[in-house]
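Close look at the chain arrangement
Okay, here's what each chain looks like letter by letter:
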Amino acid sequence: MTPLPEIRGATITGTGMYVPDRVLSNADLEKMVDTSDEWIVERTGIRERRMAAPDQASSDLALIAAERALAMAGIGPGDLDQIIVATTTPDRVLPSCACTLQQKLGAHRAAAYDMFAACTGFVYGLGLARGLIGAGVADNVLLVGVETLTRIVDFTDRNTCVLFGDGAGAAVLRPCKPGEGVLGVHMQSDGELGDVLEVPAGGSREPASADTVRARRHYIGMHGKKLFPFAVRSMEESLRKVIGQAGWNAEDLDLVIPHQANLRIIEAVRERLDTPNDRMVVNIERYGNTSSASIPIALDEAVRAGRLKPGDGVGFAAFGGGATWGGSVMRWTIPLETALTDGVPAAAAQDAGA
Ligand SMILES: CC(C)(COP(=O)(O)OP(=O)(O)OC[C@H]1O[C@@H](n2cnc3c(N)ncnc32)[C@H](O)[C@@H]1OP(=O)(O)O)[C@@H](O)C(=O)NCCC(=O)NCCS
């Protein structure tokens, strides 16, 4: 891929995350469907996931993650020019989750809209924010990945219900010098693969009716076996493209933050890129697949654990329904002191927000 043109750079200046308190363990799922802790751990790496409380919708999760990211970035909601929310599970189909979040934040100046790219949403959002900031359309962009997937998971279907969880992650992006921040962007889709991951009803094709509810067509349907090789191939392809775009080699990545869909997928990508174990961020055992939230949650945990310092190379890669896939690389810019002293470390912040 050709290098990105030298325009105003865009970088992440704050991160935040939030997951609901309720833990749904593999043992809990054993009581609901014909599965076992052993099967789930061996085939996916997942031990537990979080589940939103009945009164929590996606915007409630997004709000806490966003406030934490804004605090680290040192800006207020009133400074925001754009709010992009990557989600497949907005509070309502209309208005957007981003507008609901904007109202909760009191970010009155911002344009707010949703990014509907399934698990690749956060990575697409990085590309979009980089373009908006680079072109001078926006200075301060809030990018959130949030999901309440347990609301669209069929807890009678063992093929899917063991995989997904709820959570939110956020990042604030601002202008920076060229040569820093986002240095590579790859975004791609293939609508031919539309049926490998879908919620069949509830849109204009099959509007909600008593029949669609009875047939359980408002839940996620998935061809896991078809997705697996596509996931490995597409994440490797995206990472190689953005590494090349930045003029880097795979060894220049100090940290790789892949979409957390399956530990075996992450491991296969790691092997193909020959990335050392300690450079791969993995938290799937605690949260499962939180779709568009998985990368920003993992990023915030890594940032607050001091795993990224200015000058480090960080890579992101994701794949998801659509099918969509993409990647990004960044030259990291947040000073360690800011990451470590903003409020409190991730675990304590979690308790405080609960
Ligand atoms: C879904 C996935 C974990 C299944 O793992 P797998 O190794 O491919 O397992 P298989 O599909 O071969 O299933 C093996 C057997 O386990 C069974 N099985 C499926 N889910 C099970 C569960 N939760 N517990 C126990 N057995 C299960 C299957 O029915 C199958 O049984 P069969 O051989 O009698 O038909 C894996 O394919 C995957 O992760 N795919 C990608 C999915 C994904 O990333 N989705 C999100 C995209 S963002």
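As shown above, the structure is provided for reference.
Read on for an overview of the structure. Note that the coordinates shown come from a computational prediction; the quantities given were computed from them, not determined experimentally.

1. Structural notes on the environment of proline 310
With respect to the helices and strands, proline 310 occurs in the loop between helix H11 (294-304) and strand S12 (313-320). Among the residues examined, proline 310 registers a relative accessible area of 46% and is labelled partly exposed. Considered as a pair, proline 310 and glutamate 285 are 25 residues apart in the sequence and their alpha carbons are 28 Å apart. Ignoring any residue separated from it by four or fewer positions in sequence, one finds proline 310 in contact with Trp332, Thr333, Ile334, Pro335 and Leu336.

2. Here we look at the environment of serine 292
As for its position among the elements, serine 292 is in the loop between helix H10 (284-287) and H11. For serine 292, a relative accessible area of 1% gives the class buried. Between the alpha carbons of serine 292 and valine 144 there is a distance of 8.4 Å; along the sequence they are 148 residues apart. If we skip the residues at most four places from it in the chain, serine 292 touches Ala86, Thr87, Ala118, Cys119, Gly121, Phe122, Gly145, Val146 and Glu147. From its side chain, serine 292 meets the backbone oxygen of alanine 86 in a polar contact 2.8 Å long. Within the local environment of serine 292, its side chain forms a polar contact with the side chain of glutamate 147, the two groups lying 2.8 Å apart.

3. Digging into the site of the ligand
Thr35, Arg43, Arg158, Lys225 and Asn262 are the nearest of the 22 residues found near the ligand. A distance of 3.0 Å separates a nitrogen atom of the ligand from a polar backbone atom of arginine 158. In this structure, an oxygen atom belonging to the ligand sits 2.5 Å away from a side-chain N or O atom of lysine 225. In the complex, the protein chains occlude 74% of the 960 Å² of accessible area that the ligand would expose alone. Broken down by class, the residue content of the shell around the ligand amounts to 10 nonpolar, seven polar and five charged.

4. Details of the environment of isoleucine 257
Topologically, isoleucine 257 is positioned in strand S11 (residues 255-258). Residue isoleucine 257 is classed as buried on the basis of its relative accessible area of 0%. Those residues in contact with isoleucine 257 that lie beyond four places of it in its chain are Val281, Ile295, Ala298, Leu299, Val314, Gly315, Phe316 and Ala317.

5. Digging into the sheet that holds strand S7 (residues 166-176)
Within a beta sheet, neighbouring strands are joined by backbone hydrogen bonds and run either parallel or antiparallel to one another. Taken together, the five strands give an open sheet; going across it, the order is S1-S7-S6-S4-S5, and neighbouring strands pair in mixed fashion. Every interior strand has two partners, whereas the edge strands, strand S1 (9-18) and strand S5 (111-115), have only one. Ignoring strand direction, the axes of neighbouring strands in this sheet form an average angle of 20°. By the bridge criterion, five bridges tie strand S4 (residues 82-86) to strand S6 (residues 141-148) in an arrangement that is parallel. Bridged to alanine 86 within S6 is glycine 145. Its contacts with the sheet put helix H3 (residues 58-73) on S1, S6 and S7, and the angle it makes with S1 is roughly 125°. Along the sheet, helix H4 (residues 97-105) contacts S4, S5 and S6; its crossing angle with S4, the most-contacted strand, is approximately 130°.

What counts and how
- Residues numbered from 1 in each chain as written.
- Predicted model: local features only at pLDDT ≥ 70, side-chain atom pairs only at ≥ 80, totals over all residues.
- Heavy atoms only, no water.
- Helix = DSSP H or I, 4+ residues; strand = E, 2+ residues; numbered from the N terminus.
- Buried < 20%, exposed > 50% of the residue type's maximum accessible area, 1.4 Å probe, protein only.
- Contact = heavy atoms within 4.5 Å.
- Polar contact = N/O pair within 3.5 Å; in protein donor to acceptor, adjacent residues only side chain to side chain.
- Near = heavy atom within 4 Å.
- Areas by Shrake-Rupley, 256 points an atom, 1.4 Å probe, with all protein chains shown as cover.
- Nonpolar A, V, L, I, M, F, W, Y, C, P; charged D, E, K, R; others polar.
- Pairing = 2+ DSSP bridges.
- Axes fitted to C-alpha atoms, helices over the stretch in contact; angles between N-to-C directions.

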